[in-house]
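# Structural characterization, general
What follows is each chain in one-letter form.
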Amino acid sequence: MLMVSNVNLLKKEQNVSLLQLQRRAWDYLRAGASNGRAPFTVMQAATIGRRGAPSVRAVVLRHVFEAEHLIDFYTDVRSEKTAEVRADPRIALVGYDPEGMVQLRLEGVASLVTQGADKKRAWDASRLHSLVLYRTPLSPGTSIDCPDDAYPAQADGHGTDVAGYQNFCIVRVSLKTLEMLDLSVPAAHKRARYSRTGDEWTGQWIAP
Ligand SMILES: Cc1cc2nc3c(=O)[nH]c(=O)nc-3n(C[C@H](O)[C@H](O)[C@H](O)COP(=O)(O)O)c2cc1C
């Protein structure tokens, strides 16, 4: 009897820790998406390349909606990654905090927000210098003679009638799994994986 209750107690403690680790993961993501640089502001986003090969690049985390299990980053609708997401919406992201020694891995399904109020808000809130490249008539990845050729002749404001607005979009990722690897304590690494079904997240410790 005592043994059983000890086991239950142990399980309970483990559950609390799993929950705490999950909270930390969301805190990290929220900090990454807030203004200013944080360890998870820039994450690596991997898609399935159109010829089936992996395709990965850095992106800036812009919004985190924990209740909806969503994260956003922005991109150009003409970019290779948007074509890849249209062909196969599965996406994975990874980030690492070298000071905290924490890795976060995310998996989900991406959709492109190419119009509507959320896109308009995102456009209006963006700094003008970060919108410049959306205005160039050249699609990202076009071969050019020199780097300056990529820039538009003149700067525009936040108007939505400018070409850049059409090229700008949000990549919205509906998260399905979240994995945290904490290497901060030597010889006591912690790795936990959280999977979502509907609004329910289930956590599981896994061997690092
Ligand atoms: C620090 C950093 C942040 C970046 N953030 C973004 C971003 O938020 N969105 C984006 O489309 N590209 C971003 N890029 C550029 C991409 O990594 C990539 O070069 C570009 O989007 C083209 O990728 P693609 O050809 O796979 O579409 C960033 C690059 C760096 C180095």
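Below: a short report on this structure. (Residues numbered from 1 in each chain as written. Predicted model: local features only at pLDDT ≥ 70, side-chain atom pairs only at ≥ 80, totals over all residues. Heavy atoms only, no water.)

## Thoughts on the site of the ligand
Cut-off, in case you're wondering: Residues are labelled near a given molecule or strand when at least one of their non-hydrogen atoms is within 4 Å of it. Nitrogen and oxygen atoms within 3.5 Å of one another constitute a polar contact, given that in protein one can donate a hydrogen and the other can accept it, and given that sequence-neighbouring residues count only through two side-chain atoms. Reported accessibility uses the Shrake-Rupley method at a 1.4 Å probe radius. Residues are deemed covered only where the shown protein chains occlude them. Strands here are runs of E lasting at least two residues and helices are runs of H or I lasting at least four, both read from the DSSP assignment and numbered beginning at the N terminus. Amino acids are sorted into nonpolar (Ala, Val, Leu, Ile, Met, Phe, Trp, Tyr, Cys and Pro), charged (Asp, Glu, Lys and Arg) and polar (every other residue, Gly among them).
Taken together, Val42, Arg57, Ala58, Val59, Val60, Tyr74, Thr75, Ser79, Glu80 and Lys81 form the complete shell of residues around the ligand. Note that an oxygen atom of the ligand is positioned 2.8 Å from one of the side-chain N or O atoms of Arg57. Backbone polar atom of Tyr74 to a nitrogen atom of the ligand: 2.8 Å apart, as the coordinates give it. Protein contacts shield 57% of the accessible area of the ligand, which totals 620 Å² for the unbound molecule. Of all the secondary-structure elements, those providing two or more residues to the shell around the ligand are strand 2 (54-60), strand 4 (70-76) and helix 2 (80-87). The greatest single-element share of the shell around the ligand, amounting to 4 residues, is contributed by strand 2. A breakdown of the residues in the shell around the ligand according to their chemical character gives 5 nonpolar, 2 polar and 3 charged.

## Topic: the pairing of strand 8 (residues 190-197)
Definition in use: When DSSP locates at least two bridges between a pair of strands, those strands are taken to pair.
One ladder, built from 6 bridges, connects strand 7 (residues 168-182) with strand 8; its direction is antiparallel. Considered in strand 8, the bridge of Leu181 is made with Arg191. Of the pairings in the sheet, the one linking strand 8 to strand 9 (residues 200-205) comprises 6 bridges and is antiparallel in character. Within strand 9, the position partnered with Arg193 by the bridge is Gln204. Connecting the antiparallel pair strand 8 and strand 9 is a turn made up of 2 residues, with Gly198 showing a positive phi of about 60°.

## Examining the packing of aromatic side chains
The cut-off we apply is this: Classification of ring pairs uses Phe, Tyr and Trp, with its six-membered ring standing for Trp, and accepts pairs whose centres are within 6.5 Å; under 30 degrees between planes counts as stacked, over 60 as edge-to-face, and the remaining range as tilted. Each residue is placed in one exposure class: buried if its accessible area under a 1.4 Å probe, protein chains only, is under 20% of its type's maximum, exposed if it is over 50%, and partly exposed if it falls in between.
A full pass over the atoms with the stated rule returns 6 aromatic pairs. With a centroid separation of 5.1 Å and 65° between ring planes, the pair formed by Tyr74 and Phe168 is classed as edge-to-face. Taken together, the residues Tyr74 in strand 4 and Phe168 in strand 7 connect sequence positions 94 residues apart. The buried category is assigned to Tyr74, whose relative accessible area is 13%.

## Things to note about helix 2
Definition in use: Of all possible arcs, the one meant is that of the directions from the helix axis to the C-beta atoms. Residue contacts are defined here by distance: any two heavy atoms, one from each residue, within 4.5 Å place the two residues in contact.
Looking only at helix 2, the buried set comprises Lys81, Thr82, Glu84 and Val85. Down the axis, helix 2 shows its buried residues gathered within 160° of arc, on one side only. Away from the buried face of helix 2 by more than 90 degrees, exposed residues Arg86 and Ala87 are located. In this structure, the buried residues of helix 2 make contact with strand 1 (42-48), strand 2, strand 4, strand 6 (102-113) and strand 7.

## Details of the layout of surface pockets
For clarity, the cut-off: Buriedness of a pocket was judged along seven lines, with at least five required to meet protein on both sides within 12 Å; pockets are open sets of points on a 1 Å grid over the protein atoms alone, cavities are sets where a 1.4 Å probe fits but cannot get out, and lining residues have an atom within 4 Å of a point. Grid points are joined across faces, edges and corners, and a volume is the space filled by probe spheres set on the points.
Its boundaries defined by the atoms lining it, the largest pocket holds a volume of some 600 Å³. If you go around the largest pocket, you meet 24 residues; those closest to its centre are Ala33, Asn35, Val60, Arg62 and Tyr74. The dominant element in the lining of the largest pocket, judged by the number of residues it contributes, is helix 3 (residues 117-125), at 4 residues. In the lining of the largest pocket, the residues fall into 8 nonpolar, 9 polar and 7 charged. Taken as a whole, the second largest pocket encloses approximately 510 Å³ of empty space. Looking at the lining of the second largest pocket, the elements with two or more residues in it are strand 2, strand 4 and helix 4 (128-131). Looking at side-chain class alone, the lining of the second largest pocket contains 15 nonpolar, 9 polar and 3 charged residues.

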